[in-house]
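# Coordinate analysis (summary)
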Amino acid sequence: MSTAAVAAPTRTGQVLADLLPASRVRDIALVVGGAALTGLAAQIAVPVPGSPVPVTGQTFAALLVGTALGAGRGVAALALYALAGLAGVPWFAGGSHGIGVSFGYILGMLLASAAVGALARRGADRSVLRTAGTMLLGSAIIYAVGVPYLALSAGMSVSAAVAAGLTPFLIGDALKAALAMGLLPTAWKLLDK
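For clarity, every value in this text was computed on a predicted model and none was experimentally measured.

### Brief notes about the overall build of the protein chain
When helices and strands are tallied, the protein chain shows 8 helices and 2 strands. Secondary structure elements of the protein chain, listed N to C terminal, follow the sequence α-α-β-β-α-α-α-α-α-α. Oriented by its inertia axes, the alpha-carbon framework of the protein chain measures out at about 70 × 35 × 20 Å. The averaged location of the 5 negative side-chain charges in the protein chain is 3 Å from the averaged location of its 11 positive side-chain charges.

### What about helix 7 (residues 158-165)?
Within the sequence span of helix 7, burial applies to Ala161, Ala164 and Gly165. The buried residues of helix 7 occupy an angular sector of 80° when projected down its axis, which confines them to one face. In this fold, the buried residues of helix 7 make contact with helix 5 (103-121) and helix 6 (128-154).

### Overview of the packing of helix 2 (residues 24-42) against helix 4 (residues 71-86)
Contact pair helix 2 / helix 4: the axes reach a minimum separation of 8 Å and the direction vectors enclose 50°. Between helix 2 and helix 4, the angle falls in the class oblique. For helix 2 against helix 4, the interelement crossing comes out right-handed. Within the contact between the two elements, helix 2 uses Arg26, Asp27, Leu30, Val31, Val32, Gly34, Ala35, Thr38, Gly39 and Ala42 and helix 4 uses Arg73, Ala76, Ala77, Leu78, Leu80 and Tyr81. Across the contact of helix 2 with helix 4, the residue classes tally to 10 nonpolar, 3 polar and 3 charged.

Thresholds, definitions, all that
- Residues numbered from 1 in each chain as written.
- Predicted model: local features only at pLDDT ≥ 70, side-chain atom pairs only at ≥ 80, totals over all residues.
- Heavy atoms only, no water.
- Helix = DSSP H or I, 4+ residues; strand = E, 2+ residues; numbered from the N terminus.
- Lys, Arg positive; Asp, Glu negative; His and termini not counted.
- Charge placed at Lys NZ, Arg CZ, Asp CG, Glu CD.
- Buried < 20%, exposed > 50% of the residue type's maximum accessible area, 1.4 Å probe, protein only.
- Arc of directions from axis to C-beta.
- Contact = heavy atoms within 4.5 Å.
- Axes fitted to C-alpha atoms, helices over the stretch in contact; angles between N-to-C directions.
- Parallel < 35°, antiparallel > 145°, perpendicular 65-115°, else oblique.
- Left-handed = near helix turned anticlockwise from the far one by under 90°.
- Nonpolar A, V, L, I, M, F, W, Y, C, P; charged D, E, K, R; others polar.

Laid out in structure tokens, this is it:
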């Protein structure tokens, strides 16, 4: 028997959610679960002095949802999260809802979930270094939308918005990326056994 016949199966083109039995019910449950996870993580909110934007678990959840579910289901989950929050579900940061100064970050999370989901489908969540790059790109997308939105909606200069809506969050984002760098490649290694 050749070694190719006994090697672990390759899972190119798959994200973690694809390893579950396929069905429409699975996809709906994953989308609703991804939205709920993001809403729950948003309730972990710590105020930042001098900033209208708190530190939350929301960005970590959004990037994790996008990576684990893939671009399509990840975007659907974050769109459901955003639409439900706009409709009055109090699951934005700290139990808020509707359009506020931090809504741009939610829009950025929607775009970031598409990007990290597409990268995960190409294997970007299988190693520590690739996961780090994926999380860095996802965070950059969130800030690229969130910071200008903060500046416009709060009447801040761009430099003030960067100081209030980016700089205080970099250490926390590094910690969230480190957590993802441990979780995602480990999940793949366990599933490939």
